[in-house]
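Summary of structural features
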Amino acid sequence: MKKGILAIAGLAAIAIIAKKAQKRKAFVRGIFDEYDVKERTPFGFADRIRTMNDEEYNSLKEKVRTQFGRGCCKPRTAE
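Quick caveat: nothing in here was measured; it's all calculated off a predicted structure.

**Comments concerning the packing of aromatic side chains**
Scanning the entire structure with this criterion turns up one aromatic pair. Centre to centre, the rings of F32 and F45 are 5.4 Å apart; their planes meet at 65°, and the pair counts as edge-to-face. In this pair, F32 is assigned in helix α1 (residues 2-34) and F45 in helix α2 (residues 42-50), connecting sequence segments 13 residues apart. With relative accessibility at 12%, the residue F32 sits in the buried group.

**Let's talk about unusual backbone geometry**
Glycine aside, negative phi is the norm for most residues, and most peptide bonds take the trans geometry. Phi is positive for D36, which is not a glycine, with a value near 55°. Looking at the secondary structure, you find D36 in the loop between α1 and α2.

**Topic: the pattern of salt bridges**
With the rule as written, the count across this model stands at six salt bridges. Close ionic contact of R40 with D33 constitutes a salt bridge, the shortest N to O distance being 2.6 Å. Salt-bridge contacts for R50 lead to D47; the nearest nitrogen and oxygen are separated by 2.4 Å. With R50 and D47 both in helix α2 and three residues apart, the pair spans about one turn of that helix. Its relative accessible area of 62% is what places R50 among the exposed residues. Judged by its relative accessible area of 41%, D47 is partly exposed.

**Examining the environment of G44**
As for its position among the elements, G44 is in helix α2. Note: C-alpha distance between G44 and F32 (12 residues apart in sequence) is 9.7 Å. Residues within four places of G44 in sequence aside, it is in contact with V37 and E39.

**A word on α2**
An α-helical turn contains 3.6 residues, so a residue and the one three or four places further along point in the same direction. Three or more residues of α2 are buried, namely G44, F45 and R48. Down the axis, α2 shows its buried residues gathered within 100° of arc, on one side only. Away from the buried face of α2 by more than 90 degrees, exposed residues P42, F43 and R50 are located.

Conventions and cut-offs
Residue positions are counted from 1 within each chain, in the order its sequence is given. Reporting in this predicted model follows two pLDDT cut-offs: at least 70 for local features of residues, and 80 or more for side-chain atom pairs to be given and counted; totals over whole chains, interfaces and linings ignore these cut-offs and use all residues. As a convention, hydrogens and water are excluded, and side-chain values are obtained from all of the structure's heavy atoms. Paired rings are identified among Phe, Tyr and Trp, the last through its six-membered ring, by centres lying within 6.5 Å, and are further divided according to the angle between planes into stacked (under 30 degrees), edge-to-face (over 60) and tilted (the rest). A helix here means a DSSP run of H or I that spans at least four residues, while a strand means a run of E at least two residues long, and both kinds are numbered starting from the N terminus. The cut-offs for exposure are 20% and 50% of the maximum accessible area for each residue type, with area from a 1.4 Å probe on protein chains only; residues under the lower value are buried, those over the upper are exposed, and the others partly exposed. Salt bridges are counted wherever a side-chain nitrogen of Lys or Arg sits within 4 Å of a carboxyl oxygen of Asp or Glu. Here a residue-residue contact requires only that any non-hydrogen atoms of the pair lie within 4.5 Å. What the arc measures is the spread of directions leading from the helix axis to the C-beta atoms.

Laid out in structure tokens, this is it:
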């Protein structure tokens with residue numbers, strides 16, 4: 001009985017992880033399409049970032065930060 005429950009919980013966890021990975025991959029594809037990145041590698045993405053103006057770059061940075069930011073690394077203020 002315990003093995004069956006653990007197996008079901010394991011499959012549910014794998015499904016949740018796969019769904020989250022699929023959403024992130026779709027987000028990255030959307031970014032590549034929106035900013036017209038031809039070469040779909042980190043190097044192609046970096047080349048496109050180098051050609052952006054400040055406004056485009058800040059827009060991209062905010063989109064990525066909202067999607068991938070975890071909130072765990074917030075700067076602390078001195079007390």
